[in-house]
Amino acid sequence: MNWFAAAWRDAARHERAAFSFVLAASFVSLLFSIAGYPAVGHDADVHLNWLDQFSRLRAQGIAYPRWLPISNGGFGSPTFYFYPPLPYWIASFLRLFLPYVPTPFYNVMALIATMGSLVTSAALARRYANRPLIIATVALTYSFLAYHFADVFVRDALGEHWAMMFLPQVFIRLHGRLQTIALLSIAWSGLVLTNIPITVLAGASVLVALIVERRKASVIEHGVALLIAAAVSAAYLLPAAFLRPLIHPEHLWDVKMQTTGFAVLDLFRFHGWLRFLALATLVAGALYLLLAWRDRLRQGAWWWIALIAVVVQIPIFTPLWHLHAASIVQFSWRWNSVLLLALAMAFAVRASIVLSWLLVGLAIVTVIGEARLATTFIVHPLLPYDRYRIDAPEYHPVWCSNDPGEIKAIAMFRIGDPPAMLLGLTPTEDSIVRIAQDADAMTFHVHLTQPAPARFHLFYWPYWKLTIWDSVAGRGPNVASLQPDPNGIATASLPAGDYRLDLSLVESEPEVVGKYISLIGLMGLIGMIGFAAYRERTICLDTIEVPIVSRAT
């Protein structure tokens, strides 16, 4: 504790105030996780559902679960063909040691990312500051305050929260080029495999930093790192890109960007702590920009990054959000993740009185939000998902209705349907009975005296395949054709006979290609990390001076 006491004595009064208020708000946020704040936010239903199903499927031996069979009343969902999987792989590992209880499990996953944000933001802050009190204030500000708190406890946006752990890392540069490329490759891979909107914002912010700092070498380092990250992430990226026409991605933009995406004007239409905390971050950023400009301080990369993060949330720039590239980000208030990082790093660059009190203000607003949300501990609301497990509408297969309400109605009305049923008028002795089921396959025994149509308790997806094994007739396996009915449910015309019918999920071509590219990219990244570590050790050994020992004569 001596080092902290010394750092406290050396700090100015406003620096101590900033640290104290930020620490208090961070401590309360930490208590939220430890005390088990219920996961009942905007996105909690889908993330709790995904955490449960993905980790359960991994435990059943599926290396990369893409189809979630319990979703939508058991009709399934192709969610993880399109949603980044990294946090859910980590969750699958944790489930080996922890029972799945929705809220505690979510809080553990969120806390891991928060601790990761502390590490990465502190590592970045050390580029600009060498005083422990300043570095601690920066790391706590970024990891716990304002928009970041809203992301964890108001939105329950697990993927975005994990991506914010990697965001500071893309701005770190080590003393060796190889080491820097290895670090950046890990950072970009982590971003791509957690949240695409934050990845896009990170790319735009890094581009601004490269232009302002005019570092040609950094352009090469980021370029190489992005190529490696794309290879490592290919198992996710290729199916997500090539199979995108098979879902309803337009539902990602159901909340229209008529104003600013909840940051300013929407506050008067949709009340809630997401809007208040996002607005607080935006106001703090705007004040920092104005005061820094007034004082004619040297405008570095973080000032320009903060400027862009603020400007794009001003209502006059609403048309920007209708452009294809900007629409990937989805909501303008996501820029507050970058803005919060810029404010924290500006404090690391120069812990001015103005910035200190801006951080104090953010901490106070966060504490007020924490106090208001703490009433949820008393209310004990029900978890936001039920036995129907209705998935996000953007991941419904394109053959289903474009109306999410209709999907929910189908799931609720038909959740009790058998795994397969014969349609039309069939003799009483005809039957189709499920005799075995795995996570990605089902086996039926079929007895038909005449051809008949059948409907399966499954949304149509082109990579579900039917195979007929007719050992009585002595015929080898034949592939039967699946077709969607008007509701998007898988159906098939089955031949007469007594035979076994296999329904299994097969890999698409993008999955196969992406898997091998990812394997090569991962091996290359591991090799680069190992070689960079060896180079680092060799350089350290070479710089150690060997003492000269004189021999007595």
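Definitions and limits used
- Residues numbered from 1 in each chain as written.
- Predicted model: local features only at pLDDT ≥ 70, side-chain atom pairs only at ≥ 80, totals over all residues.
- Heavy atoms only, no water.
- Helix = DSSP H or I, 4+ residues; strand = E, 2+ residues; numbered from the N terminus.
- Buried < 20%, exposed > 50% of the residue type's maximum accessible area, 1.4 Å probe, protein only.
- Contact = heavy atoms within 4.5 Å.
- Areas by Shrake-Rupley, 256 points an atom, 1.4 Å probe, with all protein chains shown as cover.
- Salt bridge = Lys/Arg side-chain N within 4 Å of Asp/Glu carboxyl O.
- Pairing = 2+ DSSP bridges.
- Phe/Tyr/Trp six-rings, centres within 6.5 Å; stacked < 30°, edge-to-face > 60°.
- Lys NZ or Arg CZ within 6 Å of the ring centre and 35° of its normal.
- Axes fitted to C-alpha atoms, helices over the stretch in contact; angles between N-to-C directions.
- Parallel < 35°, antiparallel > 145°, perpendicular 65-115°, else oblique.
- Left-handed = near helix turned anticlockwise from the far one by under 90°.
- Nonpolar A, V, L, I, M, F, W, Y, C, P; charged D, E, K, R; others polar.
- Core = buried A, V, L, I, M, F, W, Y, C linked by side-chain atoms within 4.5 Å.
- Expected span 1.5 Å × (residues − 1).

**Q** Explain the overall build of the chain to me, please; I cannot follow it from the model alone.
**A** Tallying secondary structure elements over the chain gives 20 helices and nine strands in all. Projected onto its principal axes, the C-alpha positions of the chain cover 100 × 80 × 45 Å. Sorting the 553 residues of the chain into buried and exposed places 52% on the buried side. Sequence-distant contacts in the chain: of pairs separated by 6 or more residues, those separated by 24 or more amount to 76%. Element-wise, carbon and sulfur atoms account for 66% of the exposed surface of the chain, whose accessible area totals about 25,300 Å².

**Q** Sorry if this is basic, but what is going on with the pattern of salt bridges here?
**A** Opposite charge on two side chains allows them to pair when their charged atoms are near. By the definition in use, this model includes 13 salt bridges. The salt bridge partner of R389 is D52, with a shortest N-O separation of 3.0 Å. Placement of R389 in the loop between α18 (376-379) and α19 (404-414) and of D52 in helix α3 (residues 44-59) is noted, with a sequence separation of 337 residues between them. Each member of the pair, R389 as well as D52, carries the same accessibility label: buried.

**Q** Looking at this structure, I do not really get the pairing of strand β8 (residues 489-494). What am I missing?
**A** In summary, the side chains of a regular strand alternate between the two faces of the sheet. Burial analysis of β8 places five of its six residues in the buried class, the great majority of the element. Pairing between strand β4 (residues 452-459) and β8: five bridges, direction antiparallel. Counted as the bridge partner of A454 is A492 from β8.

**Q** Mind showing me how you'd approach the packing of aromatic side chains here?
**A** In this description, an aromatic ring pair is defined by two values, namely the gap between the centres and the angle between the planes. For the coordinates displayed, the defined rule picks out 37 aromatic pairs. A centroid spacing of 6.4 Å and a plane angle of 80° characterise the contact between Y83 and Y395, whose relative ring orientation is edge-to-face. Taken together, the residues Y83 in the loop between α3 and α4 (86-94) and Y395 in the loop between α18 and α19 connect sequence positions 312 residues apart. A cation over an aromatic ring shows up here: R66 above the ring of Y64, its NZ or CZ 3.7 Å from the ring centre.

**Q** Looking at this model, I keep getting lost on the sheet that holds β8. Mind explaining?
**A** Backbone hydrogen bonds are what pair the strands of a sheet, in a parallel or an antiparallel way. In space, the four strands of this open sheet follow the order β1-β4-β8-β7, with antiparallel pairing throughout. Since the sheet does not close on itself, it has two edges, and those belong to β1 (420-422) and β7 (482-484), each with one partner. Geometrically, the sheet is characterised by an average inter-axis angle of 30° between neighbouring strands, direction not taken into account. The sheet contact formed by β7 and β8 spans three bridges and is antiparallel. Residue L482 lies in a different strand from β8, and its bridge partner there is A492.

**Q** When you look at the packing of helix α7 (residues 146-154) against helix α17 (residues 353-373) in this model, what are you seeing that I'm missing?
**A** Pairs of packed helices are described in terms of their axes, by the angle between the two and the distance that separates them. Close contact between α7 and α17 brings their axes to 9 Å; oriented N to C, the two are set at 20°. Compared by their axis directions, α7 and α17 come out roughly parallel. Considering the relative orientation of α7 and α17, their crossing is right-handed. Along the contact surface, α7 presents A146, F149 and V154, while α17 presents L362, T366, E370 and L373. Residues of the contact of α7 with α17, tallied by class, amount to five nonpolar, one polar and one charged.

**Q** What is the right way to look at the nonpolar core in this model?
**A** It is characteristic of soluble globular proteins that their nonpolar side chains tend to be buried jointly. One finds F171, Y288 and F456 to be the most contacted residues of the largest nonpolar core, which totals 164 residues. What F171 contacts, discounting residues up to four positions off in sequence, is L124, R127, S205, V206, A209, W302, I305 and L341. Membership of the second largest hydrophobic core comes to six residues, among which are A182, I228, V232 and M528.

**Q** Looking at this model, I keep getting lost on the packing of helix α16 (residues 335-349) against α17. Mind explaining?
**A** As a packed pair, α16 and α17 sit with axes 10 Å apart at the nearest point and diverge in direction by 140°. When the interaxial angle is binned, α16 and α17 end up oblique. Considering how the two elements wind past one another, α16 and α17 form a crossing that is left-handed. Of α17, the residues touching α16 (which contributes L340, L343, A346 and F347) are L355, S356, L359 and L362. Residues belonging to the contact of α16 with α17 are distributed by class as follows: seven nonpolar, one polar and no charged.

**Q** Mind showing me how you'd approach the environment of V446 here?
**A** Relative to the assigned elements, V446 resides in strand β3 (residues 441-448). V446 gets classed as buried once you look at its relative accessible area, which sits at 0%. Between the C-alpha atoms of V446 and S431, which are 15 residues apart in sequence, the distance is 5.9 Å. Residue contacts for V446: discarding those within four places in its chain leaves S431, I432, L494, G497, D498, Y499 and L501.

**Q** What exactly am I supposed to notice about α3 here?
**A** Along an α-helix, residues three or four positions apart point the same way, because every turn accommodates 3.6 residues. The end-to-end C-alpha distance of α3, which contains 16 residues, comes to 22 Å, matching closely the 22 Å that a straight helix rising 1.5 Å per residue would cover. Buried residues dominate α3, accounting for 12 of its 16 residues. A44, V46, H47, L48, N49, W50, L51, D52, Q53, F54, S55 and L57 are the residues of α3 that are buried. Check the buried side of α3 and you find it contacts α4, α5 (102-125) and α8 (158-166). In the stretch just after α3, G61 is the one whose phi turns positive, near 100°.

**Q** Is there a simple way to explain unusual backbone geometry in this structure?
**A** Among all residues save glycine, negative phi is the norm, and among peptide bonds the norm is trans. The phi dihedral of A146 is positive, around 45°, even though this residue is not glycine. Secondary-structure assignment places A146 in helix α7. Take A146: its relative accessible area is 1%, and that puts it in the buried class. A positive phi angle is found at Q330, which is not glycine, with a value near 80°. Within the element layout of this structure, Q330 appears in the loop between α15 (324-327) and α16. A relative accessible area of 13% means that Q330 is categorised as buried.

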